[in-house]
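# Observations on the model geometry
Below, each chain spelled out in residue letters.
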Amino acid sequence: MKQQNSVLPAAIAGAFALLPPAPHSVLLAAGLNRVLGRSIQPKQLLPLQDKSVCIRVTDARLPFFLGADHRGFVARRFSQTPDLTIGACARDFLRLALRAEDPDTLFFGRRLYMEGDTELGLLIKNLLDSVAPAQLFMLRLLPGSVRAKIRERLLS
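Throughout what follows, the structure given in this document is the object of discussion. (Residues numbered from 1 in each chain as written. Predicted model: local features only at pLDDT ≥ 70, side-chain atom pairs only at ≥ 80, totals over all residues. Heavy atoms only, no water.)

## What about the sheet that holds strand 3 (residues 72-75)?
Overall, mixed pairing links the 5 strands, which are arranged 3-2-1-4-5 in an open sheet. Strand pairing shows two members of the sheet lacking a second neighbour, strand 3 and strand 5 (112-116), which therefore form its edges. Going across the sheet, the axis of each strand differs from the next one's by a mean of 25°, ignoring polarity. Bridge count between strand 4 (residues 84-88) and strand 5: 5 bridges; the pairing is antiparallel. Looking at strand 5, one finds that I86 is bridged to M114. Sheet contacts for helix 3 (residues 90-97): strand 1 (53-57), strand 4 and strand 5; angle to strand 4, the most-contacted strand, approximately 100°. (Pairing = 2+ DSSP bridges. Helix = DSSP H or I, 4+ residues; strand = E, 2+ residues; numbered from the N terminus. Axes fitted to C-alpha atoms, helices over the stretch in contact; angles between N-to-C directions. Contact = heavy atoms within 4.5 Å.)

Right, here's the structure in full:
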């Protein structure tokens, strides 16, 4: 996995690595429900109901453990062997979220990896691809000048 796209200084990544996974997993699940709640119905997440998915932000050394229940995304307990692990650096995850990069391009360029239940990974990819790009643009609430600066610094 290439780390050349890292946006985080090593000292910050080291501090993040000391955090337990539960708090930020809860925050990510709540954020996903908030951002995707109108686009993805909880019934679409049923294949995740008894699964543990680890989203690993490699440069931050942060693992997020997620699953789903009848209400939407939920945080899962730390698992040594999640059903699926998806990993990339923070910049590449941001590029994916903003639809500035295609997941297949990152995967075949070895900047995004997937381990475990690949069928589950494909289901998640297709589910996220079904969401309208306007729903995914989380930065739209910021002033235009701030959005431009973020795009310039993180996506260039």
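The rest of the description comes next.
## Digging into the side chain of R111
Tracing the backbone through its elements, the reader meets R111 in the loop between helix 4 (103-108) and strand 5. A polar atom in the side chain of R111 sits 2.6 Å from the side chain of D92. (Polar contact = N/O pair within 3.5 Å; in protein donor to acceptor, adjacent residues only side chain to side chain.)

## Looking at the environment of L46
In this structure, L46 sits in the loop between helix 2 (21-36) and strand 1. For the pair L46 and G72, spaced 26 residues apart in sequence, the C-alpha to C-alpha distance is 8.8 Å.

## Things to note about the packing of aromatic side chains
The final tally for this structure, using the stated rule, is 1 aromatic pair. Ring centres of F107 and F108 lie 5.2 Å apart, and the angle between their planes is 80°; on these two criteria the pair is classed as edge-to-face. (Phe/Tyr/Trp six-rings, centres within 6.5 Å; stacked < 30°, edge-to-face > 60°.)

## Some details on the pattern of salt bridges
One pass over the full model with this rule turns up 6 salt bridges. One salt bridge connects D92 with R111, and the closest N-O pair in it is separated by 2.6 Å. Separated by 19 residues along the polypeptide, D92 in helix 3 and R111 in the loop between helix 4 and strand 5 bring together distant segments of the chain. When sorted by exposure, D92 lands in the same class as R111, which is buried. (Salt bridge = Lys/Arg side-chain N within 4 Å of Asp/Glu carboxyl O. Buried < 20%, exposed > 50% of the residue type's maximum accessible area, 1.4 Å probe, protein only.)

## With respect to helix 3
Within helix 3, the full set of buried residues consists of R91, D92, F93, R95 and L96. Once helix 3 finishes, R99 follows within two positions and takes phi at roughly 60°, a positive value.

## Quick notes on the pairing of strand 3
Relative to strand 3, strand 2 (residues 62-69) is paired through 4 bridges, and the arrangement is antiparallel. What sits directly across from A68, in strand 3, is F73. From the end of strand 2 to the start of strand 3, which pair antiparallel, there are 2 residues.

## A short note on the pairing of strand 2
Counting buried positions along strand 2 gives 8 out of 8 residues, so the element sits mostly inside the fold. Alternating residues of strand 2 divide into L62, F64, L66 and A68 and P63, F65, G67 and D69, and every residue in both groups is buried. Pairing between strand 1 and strand 2: 5 bridges, direction antiparallel. Counted as the bridge partner of I55 is F64 from strand 2. Taken together, strand 1 and the strand that follows it, strand 2, pair antiparallel across an intervening segment of 4 residues, in which R61 is found at a positive phi of about 55°.

## Thoughts on helix 5 (residues 118-129)
Taking 1.5 Å per residue, 12 residues should reach 16 Å; helix 5 reaches 16 Å between its end C-alpha atoms and fits that length. Of the positions making up helix 5, those classed as buried are L120, G121, I124 and L127. End-on view of helix 5: buried residues confined to an arc of 125°, all on one side of the axis. Buried residues belonging to helix 5 abut strand 1, strand 4 and strand 5. The residue sitting at the N-terminus of helix 5 and contributing the capping side-chain oxygen is D117; that oxygen lies 3.2 Å from the backbone nitrogen of E119. (Expected span 1.5 Å × (residues − 1). Arc of directions from axis to C-beta.)

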